[in-house]
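Overview (structure and organization)
Each chain, letter by letter, is given below.
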Amino acid sequence: MIIVFWLIIWQAAAAAADNRILLAGPVQVLYAFAQNIMQPGFLRTIGSSLARIGAGFFAAFGIGLLLGALGYRFRIAGEVLEPVICVLKSVPVASFVVLLLIWFGSGRLAFYISFLIVFPNVYVNTIAGLQSADAGLLEMARVFGMSRRNRFFYIYRPALMPYLDSCLKISLGMSWKSGVAAEVIGLPDHSLGERLYMSKIYLDTAGLFAWTLTVILISFLFEKAVLRLVRAYSAWKPYPTGQAAGSVRTACAGSGDEPGTVTISGLCKSYDGRPVLRDYSLTMEPGQRYVLMAPSGAGKTTLLRILAGLDHADAGHIAGMPERAGMVFQEDRLCEDCDAVCNIMLGASAADGKQIRREAALILPESCLDQPVRALSGGMRRRVALLRAALSDAEVLIMDEPFAGLDEENRARTAGYLLDRLHGRTLLVTTHRAEDAELLQGIKVPLAFYGSL
């Protein structure tokens, strides 16, 4: 109804002006539009402009993504490109038009102008999106040795896509506006810009409006098609591939007293001058279960982060810690839009979805396995995090309050499952509940020093 209202206003204004050169009404414009469609070169005109402007857009999109990723990954690349991006964002389009006409002529002007308009937006939003990736998930990826492919699909891609979606909504329209304007200036053969210019020359206002309507429709359809493809890609959630061997956890690694033995000697850690761990030592024999007993704030999480290679000790030595660990963090650290099976597979050494599903169903309701984990209860999410660690091929499992949020029945059930899946691996669990130590039949190990954090 709103559109009909404005069409009536437009027609009334055209009737009042009573001058087709000054203002053509919607009826005249639709008639001119129909005539344009019947012209033999109509599709060629659209295809020619679509090829130029579309090529400029896609080139800018691809190169912007690539250089944005390089600028995020390598600081020097970002510093080198920053002045270029500032220039592209600041210099008026008219200046670029004049320079490009001198350098390359009119035939490719629309391509270059479309490229220069879109590229800075894509580059800036790519860097912003990658920088917004969840730091906790990136730490999880380091500990489990996730492959680059899995890191991209399940951590970086979800962070990047909202930025690209917003960027594309702006850039798609801008590329067509600037591209057609460049065609009006350059007048390449068989282009929408040429048709607009010729309508101006012959004072054909109805034709001018009709070709403008054509530009609007093509721009609208182009935008919808591109956004649909990008959003379909964003919604695509293939199951993870198997993990690559090894990880970045090389700090403090060495040879234990015997194969599988992990030795912690004189470990010290302070934050802002406040000690959290002081001269802490522990020897973990292969295949044993250790329950680190201490109240909240005593440094349990700090010790586990040092073992996992996420923090560095101020002093001391850790020997025998393998390169990969299966870890349950203090937080669940799950990929929120992925289902439970997908999240578990992110830590698994082999990507067998059917086997993972069977294992998960032992301690999780089968009805929840295909739901995004954001829809699960806190207790279910905790069990997903525990399954991710237990089903990894890590020789040492370290778990920070793994039964937090579980009722007594599920604590016992989950603890029993964990014991069945240890297969001779070393387990270190932190808790402040004596009941958890009994469930795991583990060796109670207190922290010798309770820090102030």
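Our structure's up above, just so we're on the same page.
Now for a quick tour of the structure. (Residues numbered from 1 in each chain as written. Predicted model: local features only at pLDDT ≥ 70, side-chain atom pairs only at ≥ 80, totals over all residues. Heavy atoms only, no water.)

Description of the overall build of the protein
- Looking only at helices and strands, the protein features 16 helices and eight strands.
- A globule of 453 residues ought to have a C-alpha radius of gyration of about 22 Å, yet the protein, at 31 Å, is considerably larger.
- The principal-axis extents of the C-alpha atoms in the protein amount to approximately 95 × 45 × 35 Å.
- Out of the 453 residues belonging to the protein, those deemed buried represent 48%. (Helix = DSSP H or I, 4+ residues; strand = E, 2+ residues; numbered from the N terminus. Rg over C-alpha atoms; globule rule 2.2 N^0.38 Å. Buried < 20%, exposed > 50% of the residue type's maximum accessible area, 1.4 Å probe, protein only.)

Observations regarding the sheet that holds strand β4 (residues 315–319)
- Strand order in this open sheet of three strands is β2-β1-β4, and the pairing throughout is antiparallel. The open sheet terminates on both sides in strands that have one partner only, identified here as β2 (274–284) and β4. Each adjacent strand pair in this sheet contributes to an overall mean axis angle of 20°, direction not counted.
- Both strand β1 (residues 262–271) and β4 contribute to a ladder of four bridges, which runs antiparallel. (Pairing = 2+ DSSP bridges. Axes fitted to C-alpha atoms, helices over the stretch in contact; angles between N-to-C directions.)

Concerning the sheet that holds strand β5 (residues 325–328)
- Strand order in the open sheet formed by five strands is β5-β6-β7-β3-β8, with parallel pairing between adjacent strands. This sheet does not close on itself; its edge strands, each paired only once, are β5 and β8 (443–446). The sheet shows a mean angle of 20° between the axes of neighbouring strands, taken without regard to direction.
- Relative to strand β6 (residues 396–400), β5 runs parallel, the two sharing four bridges. Within β6, the residue paired with Val328 across the bridge is Met399.
- Sheet contacts for helix α14 (residues 378–390): β5 and β6; angle to β5, the most-contacted strand, approximately 170°. (Contact = heavy atoms within 4.5 Å.)

Concerning the packing of aromatic side chains
- Applying the stated criterion across every chain, the model contains 18 aromatic pairs.
- Their ring planes at 85° and their centres at 6.4 Å tell us that Trp103 and Phe104 sit as a pair that is edge-to-face.
- Of the residues examined, Trp103 reaches a relative accessible area of 58% and is grouped as exposed.
- Overall, Phe104 belongs to the partly exposed group, its relative accessible area being 36%.
- A ring pair is formed by Trp176 and Phe222, whose centres lie 6.0 Å apart and whose planes are at 65°; its orientation type is edge-to-face. Taken together, the residues span a long stretch of sequence, with Trp176 in helix α8 (residues 148–186) and Phe222 in helix α10 (residues 205–235) at a distance of 46 residues.
- For Trp176, a relative accessible area of 1% gives the class buried.
- The lysine or arginine in question, Arg73, covers the ring of Phe74, its NZ or CZ lying 5.0 Å from the ring centre.
- Sitting over the ring of Tyr233, Arg157 keeps its end group 5.2 Å from the ring centre. (Phe/Tyr/Trp six-rings, centres within 6.5 Å; stacked < 30°, edge-to-face > 60°. Lys NZ or Arg CZ within 6 Å of the ring centre and 35° of its normal.)

Considering unusual backbone geometry
- The residue Leu203 is not glycine, and still its phi comes out positive at about 55°.
- With respect to the element layout, Leu203 can be found in the loop between α9 (192–201) and α10.
- With a phi close to 50°, Gln441 is a non-glycine residue in the positive phi region.
- Structurally, Gln441 is set in the loop between α16 (434–440) and β8.

As for a nonpolar patch on the surface
- Nonpolar side chains collect at one region of the surface, where Leu66, Leu70, Phe74, Ile76 and Val80 lie side by side and expose about 480 Å² of accessible area between them.
- Counting residues per element, the ones that place at least two in the nonpolar patch are α3 (42–73) and α4 (75–90).
- Structurally, Ile76 can be placed in helix α4. (Patch = residues over 30% accessible without salt bridge, like charges linked within 9 Å, V, L, I, M, F, W, Y side chains within 5 Å. Areas by Shrake-Rupley, 256 points an atom, 1.4 Å probe, with all protein chains shown as cover. Salt bridge = Lys/Arg side-chain N within 4 Å of Asp/Glu carboxyl O.)

Some words on the nonpolar core
- With 125 residues, the main nonpolar core has Tyr280, Leu303, Ile398 and Met399 as its most contacted residues.
- Looking at this core, the element that brings in the most residues is α8, giving 14 residues. (Core = buried A, V, L, I, M, F, W, Y, C linked by side-chain atoms within 4.5 Å.)

Any functional reading would require information that these geometric values do not contain.
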